[in-house]
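Structure at a glance
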Amino acid sequence: AVVWIFGAEVSAPAFSAAVVMPTMLSSASAITYQGPKMRDFSCFRLGVMTNAQRAPIDGDRLSADLSGSRWRSIEVVAETGSTNKDLVAAAVPDRVLIAASQTGGRGRLGRHRETPAGTQIAISVSVSVPPTRTADLGWVPLAAGLAVHDTVSEVSGGVATAQLKWPNDVLIEDRKLAGILAELALSTSPVAVVGVGLNVALEESELPVPTATSLLLAAGVGDRQAVAPVLLRNLDRWLTAWGVDLP
């Protein structure tokens, strides 16, 4: 498959979700979180994580939680080189691949990423590219970033506020929470693959760099099984909006 990585190198300050996107709303205005109130996540507001809480994500349970969504196939694997690479090779839309551990994950500039098992959500999703949107693929990472922003707001109950750093990072208080990588697979019809590496249960001693953070550290939220369906619903919503409304 032929692959392009979206997003040019841009020097710009981090910005919150007060992003002006004229065609998304009836008039140009700042996007603010208007989502549902937080569910009861008190059961996993913890200072440290136990081995049981770092258990693999249950794919069957996740599929049941997402019944009726666009995601027709949800697969959870113990380990892979790169979830993005796997979905690009398949080039099939509306799939989800989650890996407990990635050994060959990479960032937008080819930086190597390796995720400790049980601490992150390493996920890739695939969506069809409408014929009218092939010139607008650069918006895909931003749509995914807004999905992460809304997920943080929902699972933390507003305790943590995420910022988007153009073009591919999500921060909390200037520390990196998530990275995003969007790629295009060319098959019979083009398919966009969006990868998100979201730090969930990393403790301070496990951070790859001092400028990173996790949901556990920022908001006391460390249950990946509970966070994953929220993230996937928001990815569904924002990527659908990209296909219809986003610039």
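Everything quoted here is computed from the prediction, not taken from an experiment. (Residues numbered from 1 in each chain as written. Predicted model: local features only at pLDDT ≥ 70, side-chain atom pairs only at ≥ 80, totals over all residues. Heavy atoms only, no water.)

1. Thoughts on the overall build of the protein chain
Using the following cut-off: Secondary structure counts use DSSP, requiring at least four H or I residues in a row for a helix and at least two E residues in a row for a strand, with both numbered from the N terminus. Each residue's exposure class comes from its accessible area (1.4 Å probe, protein chains only) as a fraction of the maximum for that residue type: buried when under 20%, exposed when over 50%, partly exposed otherwise. By definition in these notes, contact holds between two residues if any of their heavy atoms fall within 4.5 Å. Reported accessibility uses the Shrake-Rupley method at a 1.4 Å probe radius. Residues are deemed covered only where the shown protein chains occlude them.
Scanning the protein chain from N- to C-terminus turns up 5 helices and 11 strands. Residue burial in the protein chain is summarised as follows: out of 247 residues, 49% are buried. Put simply, 66% of the contacts in the protein chain that link residues at least 6 apart link residues at least 24 apart. Carbon and sulfur atoms form 53% of the exposed surface of the protein chain, whose accessible area is close to 10,900 Å².

2. Regarding the packing of aromatic side chains
Applicable threshold: Here a Phe, Tyr or Trp ring, Trp counted by its six-membered ring, pairs with any other such ring whose centre lies within 6.5 Å, and the pair is stacked when the planes are under 30 degrees apart, edge-to-face when over 60, and tilted otherwise. For a ring to carry a charge above it, either NZ of a lysine or CZ of an arginine must fall within 6 Å of the ring centroid while also lying within 35 degrees of the normal to the ring plane.
Inspection of every chain in the model, using the stated rule, returns 0 aromatic pairs. Just above the ring of Trp71 sits the side chain of Arg70; from NZ or CZ to the centre is 5.6 Å.

3. Describing the side chain of Ser124
Formally: Two N or O atoms count as a polar contact when they lie within 3.5 Å, although within protein this holds only if one can serve as hydrogen donor and the other as acceptor, and sequence-adjacent residues are included solely when both atoms are side-chain atoms.
Mapped onto the secondary structure, Ser124 falls in strand S7 (residues 120-128). Accessibility expressed as a relative area gives 0% for Ser124, which makes it buried. A polar atom in the side chain of Ser124 sits 2.5 Å from the side chain of Asn84. Here Ser124 is in contact with Thr83, Asn84, Leu87, Arg95, Val96, Leu97, Val193, Val194 and Gly195, once residues within four sequence places are set aside.

Any functional reading would require information that these geometric values do not contain.
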